[in-house]
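One-letter residues, chain by chain:
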Amino acid sequence: MTNDRNRSAFERLKQHYDHEELVCPDCGFEDEEGSWTSETDGQVVEYYHECPSCGAVREHTIDLTDE
Ligand SMILES: [Zn+2]
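### Considerations on a negative patch on the surface
On the surface, Glu39, Asp41, Glu46 and Glu59 cluster together to form a negatively charged patch. Residue position: Glu59 is located in strand β3 (residues 57-63).

### Structural notes on the sheet that holds strand β2 (residues 44-50)
Read across the open sheet, the 3 strands follow the order β1-β2-β3; overall the sheet is antiparallel. Taken across any chain shown, the strands that pair with only one partner, and hence form the sheet edges, are β1 (37-40) and β3. Direction aside, the axes of adjacent strands within the sheet are offset by 15° on average. As paired elements, β2 and β3 share 7 bridges and run antiparallel to each other.

### So, the coordination of the zinc ion
Taken together, Cys24 (SG), Cys27 (SG), Cys51 (SG) and Cys54 (SG) make up the protein donors of the zinc ion, found 2.3 to 2.4 Å from the metal. Given 4 donor atoms and angles of 107 to 114° at the metal, the environment of the zinc ion is assigned as tetrahedral. Mapping the donors of the zinc ion onto the primary sequence gives the spacing C-x2-C-x23-C-x2-C. Taking the relative accessible area as the measure of exposure, Cys51 reaches 4% and is therefore buried.

### Considerations on the nonpolar core
The nonpolar side chains of a soluble globular protein tend to be buried with one another. Listed in full, the 8 residues of the largest apolar core are Phe10, Tyr17, Leu22, Trp36, Val45, Tyr47, Ile62 and Leu64. Of all the secondary structure elements, the ones that give two or more residues to this core are α1 (4-20) and β2.

### Points about the environment of Pro25
The residue Pro25 is located in the loop between α1 and β1 in this model. On the basis of relative accessible area, Pro25 is assigned to the exposed category, the value being 62%.

### So, the side chain of His49
Along the polypeptide, His49 turns up in strand β2. For His49, the side chain forms a polar contact with the side chain of Asp31, separated by 2.8 Å. When neighbours within four sequence positions are excluded, His49 is seen to be in contact with Leu22, Asp31, Ser35, Trp36, Ala56, Val57 and Arg58.

### A few points about the environment of Gly42
Along the polypeptide, Gly42 turns up in the loop between β1 and β2. Residues Gly42 and Asp63, 21 residues apart in the sequence, show an inter-C-alpha distance of 9.2 Å.

Calculation rules
- Residues numbered from 1 in each chain as written.
- Predicted model: local features only at pLDDT ≥ 70, side-chain atom pairs only at ≥ 80, totals over all residues.
- Heavy atoms only, no water.
- Patch = residues over 30% accessible without salt bridge, like charges linked within 9 Å, V, L, I, M, F, W, Y side chains within 5 Å.
- Areas by Shrake-Rupley, 256 points an atom, 1.4 Å probe, with all protein chains shown as cover.
- Salt bridge = Lys/Arg side-chain N within 4 Å of Asp/Glu carboxyl O.
- Lys, Arg positive; Asp, Glu negative; His and termini not counted.
- Charge placed at Lys NZ, Arg CZ, Asp CG, Glu CD.
- Helix = DSSP H or I, 4+ residues; strand = E, 2+ residues; numbered from the N terminus.
- Pairing = 2+ DSSP bridges.
- Axes fitted to C-alpha atoms, helices over the stretch in contact; angles between N-to-C directions.
- Donors = N, O, S within 2.8 Å, 3.2 Å for Na, K, Ca; no water.
- Tetrahedral: all angles 85-135°; square planar, octahedral: opposite > 155°, others 65-115°.
- Buried < 20%, exposed > 50% of the residue type's maximum accessible area, 1.4 Å probe, protein only.
- Core = buried A, V, L, I, M, F, W, Y, C linked by side-chain atoms within 4.5 Å.
- Polar contact = N/O pair within 3.5 Å; in protein donor to acceptor, adjacent residues only side chain to side chain.
- Contact = heavy atoms within 4.5 Å.

What follows is the structure, given as structure tokens:
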């Protein structure tokens, strides 16, 4: 079962990261073709992005239950 309200928040956050945070802070490479990988268990969303240029990994964890 998927919670529609959480899923829409999840999609908005994914779009935010896809558009705003694809420039690597380590090497400055802009991963225009890339996107954040996201996983959720319904309570938290984990975002993961690996820079294709230098391999730096960034992760975000967002708590969907923190209203
Ligand atoms: Zn990089």
